[in-house]
Amino acid sequence: MEKLNYTRIKGFILEGLSSDPRLQIPLFVLFLVLYLINLLANMLMIGTITMYIGLHSPMYYFLRNLSLIDISFTSSVVPKMLIDFLSQVKSISFAGCVAQLFSFISFGGVECILLAVMSLDRYVAVCKPLHYTVIMNKRVCTILAAISWVAGLLNSLAHTVFTFRLPFCRSNRINHFFCDIPPLLELSCTDTHINEIVVYTSGGSVIIGSFLFTLLSYVFIISAILKIQTSEGRQKAFSTCVSHLSVVSLYFGTIVFTYIRPTSSYSLEQDRVVPVLYGVVTPMLNPIIYSLRNKEVQGILRKAMKRLKGLI
């Protein structure tokens, strides 16, 4: 019977971010603006880093990867979300749901690992400044970025396979605005214990592992900064890490709250809002945070704007 009900499901109905008809147009405008800011800010960051040789350093290499991930991360959810705001029936095909879950978890996992890699870059820059260019050479940076992408994709593949092997015979209505693991598990009429194990082992390894690695890196970084004798030197060293630390705090805080909890403690109504923070708001803020805190990027952007005005 379970198999029969499972094969009958050709797609799902998304409940959306809000069921209030009066909020659909305002929410559409809000998320359209956020999405456009995300695209423009991250594309500007990618273009700036690519065009200017002065930014061809390990830190900016990882930052360009981060901007690419942020565009992809948000694009896996927001375009469909915008369409749904204007639709009476928020439907998604079974294959579309699989693709959305895989892409969202993939880019989220890659970002987790890349943020940890960026903390390693900051550790080498602060603790071993004389050997920075030797340790963080182009080959090492490429390998670290590749590891981030491969590990994120494999983690997502495990989640996707174990989630969609379940028979969804309770309902086809997903109590969320996109296909995510917790609301999909709620639709299953079988024991989801194995899926919880996968979430804690695979997802936990990526999220908690990346977080602990980042935390350990900053323990060494702060220890090295405190040994600097002058206050000006300490401030200068710490300023190179503030942007990354801000992004890490916002991203890991929200993603840990969503996934690394027992399913019994989930409040699906409340948890609809949390992915908006790490899936939409944080990717938009990342390039803004880095550009506002980085005088080098600010100077290059000002020069680019002056050249653009001159051409106009």
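Refer to the structure printed above.
Residues numbered from 1 in each chain as written. Predicted model: local features only at pLDDT ≥ 70, side-chain atom pairs only at ≥ 80, totals over all residues. Heavy atoms only, no water.

A.B. asks: Summarise the environment of Ile228; cite the residues concerned and give the values.
C.D. replies: Its location among the elements puts Ile228 in the loop between helix H9 (193-226) and helix H10 (231-259). Its relative accessible area of 27% is what places Ile228 among the partly exposed residues. What Ile228 contacts, discounting residues up to four positions off in sequence, is Gly233, Arg234 and Ala237. (Helix = DSSP H or I, 4+ residues; strand = E, 2+ residues; numbered from the N terminus. Buried < 20%, exposed > 50% of the residue type's maximum accessible area, 1.4 Å probe, protein only. Contact = heavy atoms within 4.5 Å.)

A.B. asks: So what about the sheet that holds strand S1 (residues 11-14)? Which residues, and what values?
C.D. replies: With mixed pairing, 3 strands are arranged side by side in an open sheet as S2-S1-S3. Either end of the sheet is taken by a strand with one partner, and the two such strands are strand S2 (91-93) and strand S3 (173-174). Each of S1, S2 and S3 touches helix H5 (residues 94-127); the most contacted strand, S2, lies at about 85 degrees to it. (Pairing = 2+ DSSP bridges. Axes fitted to C-alpha atoms, helices over the stretch in contact; angles between N-to-C directions.)

A.B. asks: Got a sec to walk through the pairing of S1? Specific residues and values, please.
C.D. replies: Taking every second residue as pointing to the same face, both faces of S1 are buried, with Gly11 and Ile13 on one and Phe12 and Leu14 on the other. Relative to S2, S1 runs antiparallel, the two being bridged by 3 bridges. Paired with Ile13 across the two strands is Ser91, which belongs to S2. Bridge analysis of S1 against S3 gives 2 bridges, and the strand direction is parallel.

A.B. asks: Describe the nonpolar core, listing the residues and the values that go with them.
C.D. replies: Phe12, Phe31 and Leu184 are the most contacted members of the largest nonpolar core, which has 71 residues in total. The element contributing the most residues to this core is H5, with 13 residues. Residue contacts for Phe31: discarding those within four places in its chain leaves Leu17, Val78, Met81, Leu82, Phe85, Val276 and Val280. With 6 residues, the next largest nonpolar core counts Ile221, Ile225, Ala237 and Cys241 among its residues. (Core = buried A, V, L, I, M, F, W, Y, C linked by side-chain atoms within 4.5 Å.)

A.B. asks: Help me get a handle on the pattern of salt bridges, residues and values and all.
C.D. replies: What the rule picks out here adds up to 4 salt bridges. The salt bridge involving Asp121 is made with Arg122; its shortest N-O contact spans 2.8 Å. (Salt bridge = Lys/Arg side-chain N within 4 Å of Asp/Glu carboxyl O.)

A.B. asks: Describe the state of the cysteines, naming the residues involved and giving the relevant values.
C.D. replies: All chains considered together, the criterion is met by 1 disulfide. A sulfur-sulfur separation of 2.0 Å characterises the disulfide bridge that pairs Cys97 with Cys179. Between Cys97 and Cys179 the disulfide shows an S-S torsion of about -125 degrees. By sign, it is left-handed. On the criterion of sequence distance, the pair formed by Cys97 in helix H5 and Cys179 in the loop between S3 and helix H8 (181-187) is long-range, its members being 82 residues apart. For Cys179, a relative accessible area of 0% puts it in the buried group. (Disulfide = S-S within 2.5 Å.)

A.B. asks: Just give me the short version of a nonpolar patch on the surface, but keep the residues and values in it.
C.D. replies: Together, Phe102, Val150, Leu153, Leu154, Leu157, Val161, Phe162 and Ile194 give the surface a local cluster of nonpolar side chains, amounting to about 660 Å² of exposed area. Among the secondary structure elements, Ile194 is positioned in helix H9. Here Ile194 falls in the partly exposed class, since its relative accessible area comes to 43%. (Patch = residues over 30% accessible without salt bridge, like charges linked within 9 Å, V, L, I, M, F, W, Y side chains within 5 Å. Areas by Shrake-Rupley, 256 points an atom, 1.4 Å probe, with all protein chains shown as cover.)

A.B. asks: Break down helix H4 (residues 78-85) for me, citing the residues and quoting the values.
C.D. replies: Of all the positions in H4, only Val78, Met81, Leu82, Asp84 and Phe85 are classed as buried. Buried residues of H4 fall within an arc of 160 degrees about the axis and therefore sit on the same side. (Arc of directions from axis to C-beta.)

Keep in mind that these numbers describe shape and distance, not what the molecule does.
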